[in-house]
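Listed below, chain by chain, are the residues.
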Amino acid sequence: MSRDLRDELAETLRERATSVPDVPTLAGASLARGRALRRRRRIATTLAPAFVAVVLVTAATALTGAYERAEGPSGGPTATSELPAPRPPYAVGEGRGTDARTLIVVGDRSVPLPEGTSVGLLHRAGTGVVVEVIGSDTQGVAFVDGEGRLRMLPDLGLPVAVAPDGRTVAALSDAGEDGPRMVLARLPDGKPLATLPGDRAPLAFVTGEETGQDTGPGPVVLFAAGDRLGTWDVTEQTAREVPRVRRGEDDILSAARDGRRVAIVGEREFRVVDLQGRTLWTRPDRYGRNWSFSWTPDGTGIVLSVGGRIVVVSAATGRTLVESPKQPFDLFALMWLDDRHFLGQESDLVTDEVRERRFACDVVTGTCETYGARFAILAEP
Amino acid sequence: MGKAEQDAEFTAFVTARGPALLRTAYLLTGDHQAGEDLVQTALAKTYAAWPRIRSAEAVEGYVRRTMVTTHVSWWRRRWRGETPTDPQSGALPEPPGHDPTGAHDERDRMWRHLATLSERQRAVLVLRFYEDLGEAEVAALLGCSTGAVKSHTSRALARLRADLATTDDRGEVRR
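Residues numbered from 1 in each chain as written. Chains lettered and ligands numbered in written order. Predicted model: local features only at pLDDT ≥ 70, side-chain atom pairs only at ≥ 80, totals over all residues. Heavy atoms only, no water.

(A) Summary view of the overall build of chain B. In terms of helices and strands, chain B carries seven helices and zero strands. Seen in sequence order, chain B has helices and strands lined up from the N terminus as α-α-α-α-α-α-α. For chain B, the computed accessible surface area is about 8,600 Å², with 52% contributed by carbon and sulfur atoms. (Helix = DSSP H or I, 4+ residues; strand = E, 2+ residues; numbered from the N terminus. Areas by Shrake-Rupley, 256 points an atom, 1.4 Å probe, with all protein chains shown as cover.)

(B) Main features of the sheet that holds strand β5 (residues 128–134) of chain A. Residue and element names in this part refer to chain A. Across the sheet, four strands lie side by side as β4-β5-β6-β7; this open sheet has antiparallel pairing. Each of the sheet's edge strands pairs with one partner strand only, and the pair in question is β4 (118–125) and β7 (150–153). Shown here is a sheet whose adjacent strand axes are inclined to one another by a mean of 25°, direction ignored. Note: strand β6 (residues 139–144) against β7, four bridges, orientation antiparallel. Counted as the bridge partner of valine 141 is leucine 153 from β7. (Pairing = 2+ DSSP bridges. Axes fitted to C-alpha atoms, helices over the stretch in contact; angles between N-to-C directions.)

(C) Inspection of the pairing of strand β16 (residues 252–255) of chain A at higher detail. Residues and elements named next belong to chain A. Sheet topology note: the β16/strand β17 (residues 261–265) ladder contains four bridges and is antiparallel. Of the residues in β17, the one forming a bridge with leucine 253 is isoleucine 264. Where β16 hands over to β17, the hairpin turn is made up of five residues, of which glycine 259 adopts a positive phi near 75°.

(D) Expanded view of the nonpolar core. Counting residues in each nonpolar core, the largest one holds 46 residues, and the members touching the most others are Leu9 and Leu13 of chain A together with Phe13, Met67, Leu114, Leu125 and Leu160 of chain B. Every element with two or more residues in this core is listed here: α1 (5–17) of chain A together with α1 (3–29), α2 (32–49), α3 (56–76), α4 (103–114), α5 (119–129), α6 (135–142) and α7 (146–165) of chain B. Per-element accounting of this core gives the leading share, nine residues, to α1 of chain B. Apart from residues no more than four positions distant in its own chain, leucine 13 of chain A is found in contact with Leu27, Trp111, Leu114, Leu125, Val126, Phe129 and Tyr130 of chain B. (Core = buried A, V, L, I, M, F, W, Y, C linked by side-chain atoms within 4.5 Å. Buried < 20%, exposed > 50% of the residue type's maximum accessible area, 1.4 Å probe, protein only. Contact = heavy atoms within 4.5 Å.)

(E) Region of interest: the sheet that holds β17 of chain A. All names here are of chain A. Strand order in this open sheet of four strands is β16-β17-β18-β19, and the pairing throughout is antiparallel. The open sheet is flanked by β16 and β19 (279–284), the only strands paired with a single partner. For this sheet, the mean inter-axis angle between neighbouring strands, taken without regard to orientation, is 15°. As judged from the five bridges shared by β17 and strand β18 (residues 269–274), these two strands associate in the antiparallel manner. Counterpart to isoleucine 264 in the pairing with β18 is arginine 271.

If you want it as structure tokens, here you go:
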């Protein structure tokens, strides 16, 4: 080393320090509360498994109460009223009293889902919303229009993709004796318009221009089948393979809303490919396998939830843009409501219990909201 | 002073100094996530002590001292409450790009060798050469004599110098 070691050391430390993202307003107070809560929970799991069993039974209420106690007068400063309240266009709620069914909230209207079912994902469709409905042994697709009317779409299963114009959906169906098939159906009634035999999972609607192929004027659906990706040209009734893209059996896929790029989480890496089969970037899967992710509506970012952290990466480069401190819960089934907010179902990191309680983050202001309280996520570095 | 006023003061302090504290914590621990935990713990302790701390300078010193002592105590107890599942965890997501001058490569090697020092030696170097504190201030923070600070600094620098001389640019030991 030619320069003085002390100068080099100081320069090294300064350079490394600049890689640490800044913490936005109020983060410290929330960090302190989060840390204290996690430590209490560790102690609880180590010393009092019986107590945890009780918590399991009444988990939603218990955790909410614990968190609210941590937020209380002795838990630290609270100034959440200074933060802007998220106003998503639609949301998921919980019924009260004897009717505790899951609610789909569209504007001022609350629509209960069938008893014993919950929500997988929500997809905006015009002024309404397409709902992935999951029951104990069934799953299906529902549509809630802008007036708050809910219809179960007959014979459609999951996954489901919604056309950009909000007038049609593509879904996997295995109802009846025809075997598995992909169905293009219209909204709001779910009437089938076309079918493609085979076990294919729709991912998104795309255009022929994006696939680099000549296609008809009608819809083109991107799908996953086995270890391949393909496109279904509904007009021409043809299915074509996306070249060169292979995925592992357990890989998780998510397509950007415009269908131009697909994110694939594999055993050891996270990558994004386009419809010509080009790999746009890869990054090591530094979080292991237990995560979920979703594209932002504008296609510029991908939000991940893993190990109690919320991470937003650049869809263009794979670089981490935002990363939250650890929370006492993990999120999955992430879904975007608009350009600023997303929802996720939560899973307790200690008990592994999954709750339907919803969660909203605003990556623009760097705040997340749950349990009626908010905490900050780290700002862009 | 009312509680609301205390809370407002604490929040203002965290807002103003949080980023700097997080950077120091990262340098102390060498890990983003551990750095966050360290800041969280230090801030939690600081909040509890807030009514006793009056001046801004005293607050800053209290938090830094808490961070350093907490970090060293974690190391002493071999605290491993949250173990990353992947050896890459905590690393930056993108490897450094091509560096024609080689300066970055040298700093990268320096950073790797810093991680091999003892927690106290590392803390001394961070406080001396990043925080730019004097030996007396570092001694006060660590609760030791200035002579001990000098000794730690000297040994740590000698160790770094020796390590750097025996490794190549890929961080492998020269034979």
